[in-house]
Amino acid sequence: MINTTSRRKIEHLKLCAESPVESRRVRAGFEDVSLIHRALPELNMDEIDISVDFLGKRIKAPFLIASITGGHPETIPVNAALAAAAEEMGVGIGVGSQRAAIDDPAQEDSFRIVRDEAPNAFVYGNVGAAQIRQYGVEGVEKLIEMIDADALAIHLNFLQEAVQPEGDRDATGCLGMITEICSQIKTPVIVKETGAGISREDALLLQKAGVSAIDVGGAGGTSWAGVEVYRAKESRDSVSERLGELFWDFGIPTVASLIESRVSLPLIATGGVRNGLDIAKSIALGASAASAALPFVGPSLKGKESVISVLSCMLEEFKAAMFLCGCADIQALHNAPVVVTGWTREYLEQRGFNVKDLSLPANAL
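Residues numbered from 1 in each chain as written. Predicted model: local features only at pLDDT ≥ 70, side-chain atom pairs only at ≥ 80, totals over all residues. Heavy atoms only, no water.

Student: Help me out: how do you make sense of the overall build of the chain in this one?
Tutor: Along its length, the chain carries 16 helices and twelve strands. The C-alpha atoms of the chain give a radius of gyration of 19 Å, which matches the 21 Å a tight globule of 365 residues would have. With the principal axes as the frame, the chain shows a C-alpha extent of 65 × 45 × 40 Å. Relative to its 365 residues, the chain shows a buried fraction of 58%. Sequence-distant contacts, at least 24 apart, represent 78% of the contacts inside the chain between residues at least 6 apart. Of the roughly 15,200 Å² of accessible surface on the chain, a fraction of 50% belongs to carbon and sulfur atoms. Put simply, the chain has 34 plus and 48 minus side-chain charges, and the middle of one group is 3 Å from the middle of the other. (Helix = DSSP H or I, 4+ residues; strand = E, 2+ residues; numbered from the N terminus. Rg over C-alpha atoms; globule rule 2.2 N^0.38 Å. Buried < 20%, exposed > 50% of the residue type's maximum accessible area, 1.4 Å probe, protein only. Contact = heavy atoms within 4.5 Å. Areas by Shrake-Rupley, 256 points an atom, 1.4 Å probe, with all protein chains shown as cover. Lys, Arg positive; Asp, Glu negative; His and termini not counted. Charge placed at Lys NZ, Arg CZ, Asp CG, Glu CD.)

Here is the structure:
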């Protein structure tokens, strides 16, 4: 018998594949970012090095297939396709929330398949902040062992939890538990938002807690409040539907969140990353890597080659962007000049940032 958590996972996957679930009015902010074109790049595009060291592991490109699914038998071929593509292309990959495997150990294979298909890739595990108080350090270590994870992502999805009728709305004690986990396990810990972004205030708290990296998971990509609207309509839950509609576009857009979160930690830019130019802009703004999920959901249902097709295109676009900016490697892209305009500039200036040189706000610690 499939439990509630497992059933919800397959519902989420199908909704993301079949329904419009992206932000409606809020954009990730990449349209407000301009890289400076170099008409004389003075390099060979075919010799550009896009490889990078990320949390102790060398990957062929600064890109991760973000956490998508797992926890239901039907997700096994999906994760197999994603993982096999990640292995072949040399990028990282995350699994969906492993909560379903804790609730029902029979679902562990839907997560283990990722490491089976990607033995050499950077693979990260995934658990919700709302669950770590229940699982504790020992439970978290089991999740890491389940997939031989190179890192563990603790996801913050309290917007979704607030909208879900079955959501866990108790956020007390999560920061303390994150701190405890970081101090007691050797595996790097990534804290990731899931579509509402990370503020500077929270980035500083996470830095103090000892996390190894922050995934900003900004607004402008998939809206999990929006996903819950469809579920609420199906179950005729008018309260959850109203909440989801109201908060569909809530949060800090990805580009703004990325700049807010620039503390002395590796950053992952997630949320509305849809092409290689978005990846390049993310790296130029300070991200160590970019990631995306939604562009791979549909292809993953078709198989490995469809995922590789999308991924190959994005990475070729990324190399073209580097070429046109005169950047021979990732370090050069980190140092490339960037211009931020429009709504993003106005937002950041209101928050106290000097957007001209993207310096920290005057009240930064």
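Student: Explanation requested: the packing of aromatic side chains in the structure shown.
Tutor: Geometrically, a pair of aromatic rings is defined through the distance of the ring centres and the angle of the planes. Within the structure shown, the criterion is met by five aromatic pairs. Plain terms: the ring middles of Y230 and W248 are 6.1 Å apart, the flat faces sit at 70° to each other, and that makes the pair edge-to-face. In this pair, Y230 is assigned in helix α9 (residues 224-235) and W248 in the loop between α10 (238-246) and α11 (254-260), connecting sequence segments 18 residues apart. Since its relative accessible area comes to 3%, W248 is described here as buried. In this arrangement the basic side chain of R24 is found over the ring face of W248, its NZ or CZ atom lying 3.4 Å from the centre. (Phe/Tyr/Trp six-rings, centres within 6.5 Å; stacked < 30°, edge-to-face > 60°. Lys NZ or Arg CZ within 6 Å of the ring centre and 35° of its normal.)

Student: What exactly am I supposed to notice about the sheet that holds strand β11 (residues 289-292) here?
Tutor: Pairing between sheet strands relies on hydrogen bonds along the backbone, with the strands arranged either parallel or antiparallel. The strand order around the closed barrel formed by eight strands is β4-β5-β6-β7-β8-β9-β10-β11, and the pairing between neighbours is parallel. Each strand of the sheet is rotated relative to its neighbour by a mean of 25°, with strand direction disregarded. Note that strand β5 (residues 92-94) and strand β6 (residues 123-128) share two bridges and pair parallel. Looking at the pairing, G94 lines up with Y124 of β6. (Pairing = 2+ DSSP bridges. Axes fitted to C-alpha atoms, helices over the stretch in contact; angles between N-to-C directions.)

Student: Explanation requested: the pairing of strand β10 (residues 267-270) in the structure shown.
Tutor: Both faces of the sheet carry side chains from a regular strand, because those side chains alternate between them. Judged by which residues are buried, β10 turns out to be covered on both faces: L267 and A269 on one side and I268 and T270 on the other are all buried. Alignment of strand β9 (residues 213-215) against β10, held across two bridges, turns out to be parallel. What sits directly across from D215, in β10, is I268. Looking at chain direction, β10 and β11 are connected through three bridges and run parallel. Bridging from a neighbouring strand, A269 pairs with A290 of β11. As for the winding sense of the linkage, the β-α-β connection from β10 through helix α12 (residues 276-284) to β11 is right-handed. (Right-handed = clockwise from strand over helix to strand, strands pointing away.)

Student: Sorry, what's going on with helix α5 (residues 129-147) here?
Tutor: In an α-helix there are 3.6 residues to a turn, and that puts residues three or four apart on one side. Here α5 is 19 residues long, yet its end C-alpha atoms lie only 19 Å apart, well below the 27 Å a rise of 1.5 Å per residue gives. In the structure, α5 departs most strongly from a straight axis at G136, where the bend amounts to approximately 105°. Positive backbone phi, approximately 50°, marks D148, located one or two places after α5. (Expected span 1.5 Å × (residues − 1). Bend = angle between axes of the 7 residues up to and from the residue.)

Student: Which parts of the structure should I look at to understand the nonpolar core?
Tutor: One recurring pattern in soluble globular proteins is that nonpolar side chains are buried together. In this structure, F63, I65, I154, I214 and F296 are the most contacted members of the largest nonpolar core, which totals 116 residues. Dropping the residues within four chain positions of it, I154 is found in contact with V127, G128, A129, I132, I178, I181, V189, I190, V191 and K192. (Core = buried A, V, L, I, M, F, W, Y, C linked by side-chain atoms within 4.5 Å.)

Student: What am I meant to see in the pattern of salt bridges here?
Tutor: For side chains of opposite charge, pairing can occur when their charged atoms come near one another. Tallied over the entire structure, the rule returns 20 salt bridges. Where E88 meets K304, a salt bridge forms, and the shortest distance between an N and an O atom there is 2.8 Å. Taken together, the residues E88 in helix α2 (residues 76-89) and K304 in helix α14 (residues 304-324) connect sequence positions 216 residues apart. Here E88 falls in the partly exposed class, since its relative accessible area comes to 42%. Put simply, E349 and R345 hold a salt bridge, and the shortest N to O gap is 3.1 Å. Residue E349 and its partner R345 are located together in helix α16 (residues 342-350), separated by four residues, close to a single helical turn. When salt bridges with common partners are traced through the structure, they connect R8, E11, E166, E228 and R231 into a single cluster. (Salt bridge = Lys/Arg side-chain N within 4 Å of Asp/Glu carboxyl O.)

Student: For this particular structure, what's the right way to read the side chain of K9?
Tutor: Within the element layout of this structure, K9 appears in helix α1 (residues 4-18). Of the side chains with opposite charge, E161 lies nearest to the buried K9, which makes no salt bridge, at 8.0 Å. Apart from the residues lying within four places of it in its own chain, the contact partners of K9 are T69, G70 and S97.

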